[in-house]
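Below are the chains, spelled out letter by letter.
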Amino acid sequence: MRAIQTAQWMQINFLVTAFTRTSAWLDLSPRPSYRLTKRWSSKSSFGIPANLEEMEVGHSFQYESAVVIEKVSSRPPIFVLRNILSKDNCNTIIKSASNFEPGRTLLSKEASPYRKACYVAWLPNDEDSVQRSVANKCHTILMPHRIFNAERGVESLQVVRYDQQGEYVLHHDSNKRLLTVLYYLNGIGETWFPLADSHNGPDPRNREEALQYCMGKVPLQSGVLVSCEGRGVQVQQGDAVAFFNFFADMTADWRSIHAGMPASSTKWIANHWYHYVPFGFADQI
């Protein structure tokens, strides 16, 4: 009888230990109720932490000594990252880019009909590179609850040069790109989000509906215009705009449809796109 009781207690102890370890791995510790509501709401943005989602438009906070994070839209969540790159960082990225090709859409070998006078190069996020450092920093600011992975979690830096009047018409950063960070490298350029905080109807379900909702809208009168040209939400060389592209249920948030406006002169920008990396497949650096 004592042997049976001992075996039962050992089994109970094993189950309790296993549950405790599983709870720790899944992070089942109690949280304030608003965090759980935000985390599991299908209309929350995938990957955004509660403090950024609940931050009011127009508010900002300081990160490190010079970097300031300002929220400029709530639907979709859009943020301006001021001074995320130094001028030297920007110049290093521009000088490092080579082997430019005409801008293409994903899975296409032909130049994109949505882009005009646009040329693209890619820089891998190598150790000790400017692009890896800023990718890690942006991840820490915008997705701090997830582990950073430079190989699986973020694409190589896309460096883009637009000639004068070059543009990228309205489009969505799909292909499961959860988060976009767009850097302004030479203080030229404008990015327009026509549906940001300005569309009162139902959420667009696809590209066609999003474009239909955009009809008749113009910059400065509708949506959010992030601009190096002294209008709208003003930015400068070394700043970035960051925005989330998907809801928590992994359906596309078509309110994040946006356009690269015609360039007033030669324009240099760069993009980092962040992807979902399941726990167990990410290695922290």
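The following paragraphs examine the structure supplied in this document. If you're wondering where the values come from, they're calculated on a predicted model, not measured in any experiment.

### Comments concerning the pairing of strand E3 (residues 78-82)
Thinking step 1. Among the five residues of E3, five are classified as buried, and the element is accordingly described as predominantly covered.
Thinking step 2. Neither face of E3 is exposed, since Ile78, Val80 and Arg82 on one face and Phe79 and Leu81 on the opposite face are all buried.
Thinking step 3. Two elements, strand E2 (residues 67-73) and E3, share five bridges in a ladder whose sense is antiparallel. Looking at E3, one finds that Lys71 is bridged to Phe79.
Thinking step 4. With four bridges connecting them, E3 and strand E11 (residues 240-244) associate as antiparallel partners. Directly across from Phe79, in E11, lies its bridge partner Ala242.

### A short note on helix H4 (residues 87-96)
Thinking step 1. Those residues of H4 that sit buried are Cys90, Ile93 and Ile94. Buried residues of H4, seen end-on, are gathered within an arc of 100° and therefore sit on one face of the element. Looking at H4, the residues exposed on the side facing more than 90 degrees away from the buried face are Asp88 and Lys95.
Thinking step 2. Those residues of H4 that are buried lie in contact with strand E5 (115-123), helix H5 (130-142), strand E6 (157-171), strand E7 (179-184) and strand E13 (267-274).

### Overview of the pattern of salt bridges
Thinking step 1. Under the definition given, this model contains ten salt bridges.
Thinking step 2. The salt bridge partner of Glu190 is Arg231, with a shortest N-O separation of 2.6 Å. Taken as a pair, Glu190 in strand E8 (residues 190-193) and Arg231 in the loop between strand E9 (224-227) and strand E10 (233-234) lie far apart in primary sequence, 41 residues in all.
Thinking step 3. Of the charged contacts, one joins Glu209 and Arg205 as a salt bridge, the two residues approaching to 2.3 Å between their closest N and O atoms.
Thinking step 4. What makes Glu209 buried here is its relative accessible area of 13%.
Thinking step 5. In this structure, a network of salt bridges that share partners links the residues Glu70, Arg82 and Asp239.

### Considering the nonpolar core
Most often, soluble globular proteins keep nonpolar side chains buried together rather than apart.
Thinking step 1. Membership of the largest hydrophobic core comes to 37 residues, with the highest contact counts inside it found for Ile84, Leu142, Tyr183 and Leu185.
Thinking step 2. Looking at this core element by element, the count peaks at six residues for H5.
Thinking step 3. Every residue in contact with Leu185, bar those within four places of it in the chain, is listed here: Leu85, Cys90, Ile93, Ile94, Val159, Gln237, Trp268, Ile269 and Ala270.
Thinking step 4. Counting residues in each nonpolar core, the second largest holds 21 residues, with Val72, Val160, Ala196 and Val233 among its members.

Reading guide: rules and limits
Residues numbered from 1 in each chain as written. Predicted model: local features only at pLDDT ≥ 70, side-chain atom pairs only at ≥ 80, totals over all residues. Heavy atoms only, no water. Buried < 20%, exposed > 50% of the residue type's maximum accessible area, 1.4 Å probe, protein only. Helix = DSSP H or I, 4+ residues; strand = E, 2+ residues; numbered from the N terminus. Pairing = 2+ DSSP bridges. Arc of directions from axis to C-beta. Contact = heavy atoms within 4.5 Å. Salt bridge = Lys/Arg side-chain N within 4 Å of Asp/Glu carboxyl O. Core = buried A, V, L, I, M, F, W, Y, C linked by side-chain atoms within 4.5 Å.

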